[in-house]
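Examination of the molecular architecture
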Amino acid sequence: MKKIKSALISVFYKDGLDTIVRELNNLGITIYSTGGTQQFIEKMNIPCVPVESLTSYPSILGGRVKTLHPSVFGAILGIRDDEKHRQEMAEYQIPEIDLVIVDLYPFEETVRSTNDENLIIEKIDIGGPSMIRAAAKNHRDVLVVASKNDYALLEDILKTHKGETTLEQRRFFAIKAFDVCTSYDTAISNYFHASQVITPFNKEEKSLRYGENPHQSASFYGDLKQLFSQLNGKELSYNNLVDADAAVQLIREFGASSVTREFVFAIIKHTNVCGISVKDTLHTAWQHALAGDPESAFGGVLVCNGEVDETTATAINELFFEVLIAFSYSEAALSILKSKKNRILLVLKDAELPKQQYRSMLNGVLMQQADEGNALEWKETGGRETTADEKKNLFFANVVCKHLKSNAIALVKNKQLIGKGCGQTSRIDALKHAIDKAKQFNADLSGAVLASDAFFPFDDCVKIAHEAGITAFIQPGGSIRDADSVEYCKQNNLAMVMTGMRHFKH
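Within every chain, residues take consecutive numbers counted from 1 along the sequence as written. The predicted origin of the model limits local features to residues at a pLDDT of at least 70 and limits the giving and counting of side-chain atom pairs to 80 or more, whereas totals for whole chains, interfaces and linings rest on all residues. The basis for the side-chain values is all heavy atoms of the structure; hydrogens and waters are excluded.

As for the packing of helix 18 (residues 460-468) against helix 19 (residues 482-491)
Between two packed helices, both the angle of their axes relative to each other and the distance between the axes serve to describe the pair. We count it as follows: Simply put, an axis is a line fit to the C-alpha atoms, just over the touching stretch for a helix, and the angle between two N-to-C directions goes from 0 to 180 degrees. Per the convention used, a helix needs a DSSP run of H or I reaching at least four residues, while a strand needs a run of E reaching at least two, with both numbered from the N terminus. Here roughly perpendicular refers to angles of 65 to 115 degrees, roughly parallel to angles under 35, roughly antiparallel to angles over 145, and oblique to all remaining angles. Contacts were defined at the residue level, with two residues in contact if any of their heavy atoms lie within 4.5 Å. The nonpolar class holds Ala, Val, Leu, Ile, Met, Phe, Trp, Tyr, Cys and Pro. Asp, Glu, Lys and Arg form the charged class, and all remaining residues, Gly among them, are polar.
At a minimum axis distance of 8 Å, the contact between helix 18 and helix 19 shows a crossing angle of 30°. In terms of axis orientation, helix 18 runs roughly parallel to helix 19. Together, Val462, Lys463 and His466 of helix 18 and Ser485, Tyr488 and Cys489 of helix 19 make up the contact between the two elements. A per-class count over the contact of helix 18 with helix 19 returns three nonpolar, two polar and one charged.

Here it is in structure tokens:
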């Protein structure tokens, strides 16, 4: 049993406190307090010792610093049967505090009632959790009460045991106190994680003309100047930004043409790749990217991995498009492309992209790691080994498919996207759509390769693709019926690669 001789009280909620204070006073227990709690006790005509008498410091910094002092924490943390502790407490005139009644600023209530971040931050309690944790840590000697919900239980203990407590009681309250601190810290962490999503780069809000549709308001939080230099055109719209993000994510898969000596040109529409090609010149890459789906290209976002030259600019200028993103432009190319004043021309800088992706969901926020990498392995599982050309085309097709909405199928030949199916509710529908697209623009599927963003649940996709002329496949694998597709490939001398890495995109 431990006798309570002194108590420190500092609470935000005063309801129910009066009965506790009267009982402590009846038991002759010295009460230390500060701020509003001290005023509350004094109005009851009950003696109260100001904490400032221990610290020799007044409450400072607008109340931010009141109890953060060795005299207060020494009084709570001192081990009563430790001789060295007792000597140091006597030397520095630190009393023993046996009961700590402290609650926490109403952080969650403030978050619910206002969006003013300054008010919210001021409700992050510092001294309160520190005192609660200190008392709970030293529960062999100190009783801690961290919630007004426990006042009735405390009152019963005070009356029943005349101010004495058992170790079992003190440990029980200590556990409850740690739970209060955990819940409080979690609420603060959740608030900052949520606010980080709303303003992920902690930049000023930039109002957009409207959102996805004219009746929706919208803003962008971030610094586009870190990623782009804008050379021409109007301000980027909400939809422009969404497609530009898809374009940048895609082109970053390939590297600069000055390094790879290969030119990549891609056309993005509603975040999906509708045309892409890798060729020896930028102009040729543009021609083959456009040929993959010239209808969908209208009004799209264009992106390439090199400098736009005069020849390419002349060809591009024939098409209506919203945005062009390139590593650089020749002077002649700029002269041509700037002929349309609203056309947005961007230079892509070598800036790091975020490693996390966020999406508002229901009444919260989803966060995930960015989909980096393309394959965990390269496992040849078909009826034969892939040829050198097939390997190049399969790798390219897998990258392209990664940037299509699920369910997704990409058909590739000579490092050109010749057919794609995306955003379909079944994989067969995605495949049929891809084949139809290829046929619509007279693409030759004979000897083409196929990439799938997820496994084939059955062998029907492989059969349909084979009938259309596809001879090699790349997919993550992982279906309980992988063997069906593999067996079909073996029977028909088709190549199949399993990567072990799925690329769903919703």
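Re the pattern of salt bridges
Using the following cut-off: Should a side-chain nitrogen of Lys or Arg be within 4 Å of a carboxyl oxygen of Asp or Glu, the pair is scored as a salt bridge. Think of it in three bands: with a 1.4 Å probe and only protein chains considered, a residue is buried below 20% of the maximum accessible area for its type, exposed above 50%, and partly exposed in between.
Taken as a whole and judged by the stated rule, the model has 23 salt bridges. Of the charged contacts, one joins Arg80 and Glu96 as a salt bridge, the two residues approaching to 3.5 Å between their closest N and O atoms. In this pair, Arg80 sits in the loop between helix 4 (70-77) and helix 5 (83-91) while Glu96 sits in the loop between helix 5 and strand 5 (99-102), placing the two residues 16 residues apart along the sequence. On the accessibility criterion, Arg80 (9% relative accessible area) is buried. One salt bridge connects Glu352 with Lys355, and the closest N-O pair in it is separated by 3.0 Å. Overlapping salt bridges, with partners in common, bring together Arg80, Arg86, Glu96 and Asp98 in one network.

Topic: the sheet that holds strand 2 (residues 6-10)
Strand pairing in a sheet relies on backbone hydrogen bonds, with the paired strands running either antiparallel or parallel. This is how it is decided: Any two strands with at least two DSSP-identified bridges between them are counted as paired.
Taken together, the five strands give an open sheet; going across it, the order is 4-3-2-5-6, and neighbouring strands pair in parallel fashion. Each of the sheet's edge strands pairs with one partner strand only, and the pair in question is strand 4 (49-50) and strand 6 (143-145). Bridge analysis of strand 2 against strand 5 gives four bridges, and the strand direction is parallel. Counted as the bridge partner of Ile9 is Ile101 from strand 5. Contacts from helix 1 (residues 17-26) reach strand 2, strand 3 (30-33) and strand 5 within the one sheet, and its direction differs from that of strand 2 by about 160°.

A few points about the confidence of the model for the protein chain
Low-pLDDT stretches of the model should not have their predicted coordinates read in fine detail. We count it as follows: You can read pLDDT as the predictor saying how much it trusts each residue, on a scale of 0 to 100.
When pLDDT is averaged across the protein chain, the result is 91; 96% of the residues are at 70 or more. When the criterion is pLDDT under 50, residues 197-202 qualifies, and its contacts beyond four places in sequence or with other chains add up to eight contacts.

What to know about a nonpolar patch on the surface
Heads up, the rule is: Like charges are joined within 9 Å and nonpolar side chains (Val, Leu, Ile, Met, Phe, Trp, Tyr) within 5 Å, but only among residues with over 30% relative accessible area and no salt bridge; these make up the patches. Only the protein chains shown count as covering a residue, and every accessible area follows the Shrake-Rupley method with a 1.4 Å probe.
Where nonpolar side chains cluster on the molecular surface, the patch consists of Tyr358, Val365 and Met367 and spans about 260 Å² of accessible area. Tracing the backbone through its elements, the reader meets Met367 in strand 19 (residues 364-369).

What to know about the packing of helix 1 against helix 9 (residues 151-161)
To keep it simple, the criterion reads: Left-handed describes a crossing whose near helix is turned anticlockwise from the far helix by less than a right angle; the clockwise case is right-handed.
At a minimum axis distance of 10 Å, the contact between helix 1 and helix 9 shows a crossing angle of 20°. One finds that helix 1 runs roughly parallel with respect to helix 9. In this structure, helix 1 meets helix 9 at a crossing whose hand is left-handed. Residues Leu17, Thr19, Ile20, Glu23 and Leu24 of helix 1 lie in contact with helix 9, whose contacting residues are Tyr151, Leu154, Glu155, Leu158 and Lys159. Considering only residue class, the contact of helix 1 with helix 9 consists of six nonpolar, one polar and three charged.

Things to note about the state of the cysteines
Convention followed: Only a pair of cysteine sulfur atoms within 2.5 Å counts as a disulfide in this structure description.
A complete count under the given rule lists zero disulfides for this structure. Cysteine Cys401 shares no disulfide, and the gap to the nearest cysteine sulfur, in Cys422, comes to 9.3 Å. Distance from the sulfur of Cys422, which forms no disulfide, to the nearest cysteine sulfur (Cys274) is 9.1 Å.

Things to note about the environment of Ala218
Checked against the element boundaries, Ala218 lands in the loop between strand 8 (205-207) and strand 9 (219-221). Classification of Ala218 by relative accessible area gives buried; the value is 14%. Spatially, the C-alpha atoms of Ala218 and Ser237 are 9.3 Å apart, while their sequence positions differ by 19 residues. Not counting residues within four places of it along the chain, the set of residues in contact with Ala218 comprises Ser207, Leu208, Tyr210, Gly211 and Tyr238.

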